[in-house]
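Tertiary structure, described
Spelled out, the chains give:
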Amino acid sequence: MRVALITGITGQDGSYLCEFLLSKGYVVHGLVRRTSSIERSRLRHIYRNPEVYGKTLQLHYCDLEDATTLRRIITKISPSELYHLAGQSHVGLSFEIAESTVDSVAVGTLRLLEIIRDLSAPPRVFHAASSEIFGRPLSMPQDEQTPMAPVNPYGASKAFATQLCRIYREKYGIHIVNGILYNHESPRRGENFVTRKICRAAAAIRLCLQDELLLGDTSAQRDWGDARDYVRGMWQALQHATAEDFVFATGILHSVRDVVDRAFSEAGVDPGRHVHQDDRLLRGAESTSLVGNPAKAERVLGWKRETDFDGLIRWMVQAELADLKAR
Ligand code: GDD
């Protein structure tokens, strides 16, 4: 029986990965922050199932700051695969709470690697790196060789963690994979990330539950994909015989304005009357030109994304309409 441990299991990626691994017959363990119980909504349908919870799925309270508990859980479970997804993940917020961002994303990864390094049979480790490590890159699209140039505390923390994973892989021979993940979205995305914010607003305006949507820089561009495709990529990356880094991306840029147009059209609403800029939401130091080249993952892992941009936004808007109507 294969045993997986997921840090950040209550998040968007963690919940999809949990479902994916359970469907593959894994026993799944997840770490839950003591303060994040309210966020378990993404897993509710699984852990309320008596056939699953306590049998093939187990959640454990553990903050990444708590090395003793982390060590105890990892030693007891002895996972064959560890997916490290936890950490403060909002780029804009990382300017406001820089120290706790660095602590969870950078130092949290260091703590985890220090524990793994001492194990007699270390698990294979997947580290969720981010396109934010590239910040304002000199070349586009970026690939596994592109130099890191982060422009915010979150990106700098991810750059540290990514490089540390490379160092531990080389120095200690641990099987560690960095998945350099570009933006990936779903109806389970946190509501303060831009695609979810827009899709939810489009649905709410359509249902006359909201009148206005305030955004920051709508000319900003990102490489947006479907979270379920990226979670499958995480698993594929860990099954590969050698530990390497992989970029997971679509290779296509869209602007925030494109998301607005697509989402409002799907909801049947004219954005002109409802969408306004709020200067407080501008980041100042904006990452630019973040578009990834997934050729290596496609060639080496056979990774293939199944959803395009229009399909993604359609799915998200329809999910919001269904959710709001059900309330
Ligand atoms: N959140 C937010 N809210 N972003 C806005 C808004 C707004 O009102 N208006 C414009 N934007 C712009 C941001 O400035 C950014 O250029 C873009 O929309 C996307 O912002 P987010 O959805 O917050 O995502 P992100 O690109 O900053 O970061 C996400 O993707 C990274 C992978 O590249 C996060 O998931 C990171 O954790 C992840 O590493």
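None of these values were measured; they are calculated from a predicted model. (Residues numbered from 1 in each chain as written. Predicted model: local features only at pLDDT ≥ 70, side-chain atom pairs only at ≥ 80, totals over all residues. Heavy atoms only, no water.)

What follows deals with the site of the ligand. Surveying the vicinity of the ligand reveals 24 residues, the closest of which are Ser89, Ser130, Ser131, Tyr154 and Arg283. Within the side chain of Arg222, one N or O atom sits 2.7 Å away from an oxygen atom of the ligand. About the coverage of the ligand: the protein hides 96% of its 720 Å² of free accessible area. Of all elements in the fold, only helix H7 (194–206) and strand S8 (213–215) reach the threshold of two or more residues within the shell around the ligand. For the shell around the ligand, a count of residues per class yields 11 nonpolar, seven polar and six charged. (Near = heavy atom within 4 Å. Polar contact = N/O pair within 3.5 Å; in protein donor to acceptor, adjacent residues only side chain to side chain. Areas by Shrake-Rupley, 256 points an atom, 1.4 Å probe, with all protein chains shown as cover. Helix = DSSP H or I, 4+ residues; strand = E, 2+ residues; numbered from the N terminus. Nonpolar A, V, L, I, M, F, W, Y, C, P; charged D, E, K, R; others polar.)

Moving on: the side chain of His175. Considering the arrangement of structural elements, one finds His175 in the loop between helix H6 (153–172) and strand S6 (176–181). Excluding its chain neighbours within four sequence positions, the residues that come into contact with His175 are Pro123, Arg124, Val125, Leu238, His240, Ala241, Thr242 and Ala243. (Contact = heavy atoms within 4.5 Å.)

The contact between H7 and helix H9 (residues 256–267) brings their axes to 9 Å, and the two run at 30°. It follows that H7 is roughly parallel to H9 by the angle criterion. Here H7 runs over H9; the crossing is right-handed. On H9, the residues that touch Val194, Thr195, Ile198, Cys199, Ala202, Ala203, Ile205 and Arg206 of H7 are Val256, Val259, Val260, Ala263, Phe264 and Ala267. (Axes fitted to C-alpha atoms, helices over the stretch in contact; angles between N-to-C directions. Parallel < 35°, antiparallel > 145°, perpendicular 65-115°, else oblique. Left-handed = near helix turned anticlockwise from the far one by under 90°.)

Here helix H1 (residues 12–23) contains 12 residues, and its C-alpha end-to-end distance of 17 Å stays within 8% of the 16 Å for a straight helix at 1.5 Å per residue. Taken across its 12 residues, H1 has 10 buried, putting it largely inside the fold. Where H1 is concerned, the buried positions are Gln12, Asp13, Gly14, Ser15, Tyr16, Leu17, Cys18, Phe20, Leu21 and Leu22. After H1 finishes, the residue Gly25 shows a positive phi value of roughly 90°. (Expected span 1.5 Å × (residues − 1). Buried < 20%, exposed > 50% of the residue type's maximum accessible area, 1.4 Å probe, protein only.)

The strands making up a sheet are joined through hydrogen bonds of the backbone, oriented either antiparallel or parallel. On the basis of which strands lie adjacent, the open sheet formed by seven strands has the order S3-S2-S1-S4-S5-S6-S11 and parallel pairing. Each end of this open sheet is capped by a strand with a single partner; those strands are strand S3 (57–61) and strand S11 (246–248). Looking at each pair of strands side by side, their axes are set apart by 20° on average, direction ignored. Relative to S11, S6 runs parallel, the two being bridged by three bridges. Among the inter-strand pairings, Ile180 is bridged to a residue of S11, identified as Val247. The strands that helix H3 (residues 67–77) touches are strand S1 (3–7), strand S2 (27–32), S3 and strand S4 (81–84); relative to S3, the one it contacts most, it runs at about 160°. (Pairing = 2+ DSSP bridges.)

This part is about helix H8 (residues 227–239). Its 13 residues give H8 an end-to-end C-alpha distance of 19 Å, which sits within 8% of 18 Å, the value for a rise of 1.5 Å per residue. Counting buried positions along H8 yields 11 of 13 residues, so the element is predominantly enclosed. Within H8 the residues assigned to the buried category are Ala227, Asp229, Tyr230, Val231, Arg232, Gly233, Met234, Trp235, Gln236, Ala237 and Leu238.

Right, let's talk about the state of the cysteines for a bit. Counted according to the given criterion, the structure contains zero disulfides. Cysteine Cys18 shares no disulfide, and the gap to the nearest cysteine sulfur, in Cys62, comes to 17 Å. Look at Cys62 and you get buried, because its relative accessible area is 6%. (Disulfide = S-S within 2.5 Å.)

The subject of this paragraph is the environment of Ile205. Residue placement: Ile205 occurs in helix H7. What Ile205 contacts, discounting residues up to four positions off in sequence, is Gln210, Asp211, Glu212, Phe264, Val269 and His274.

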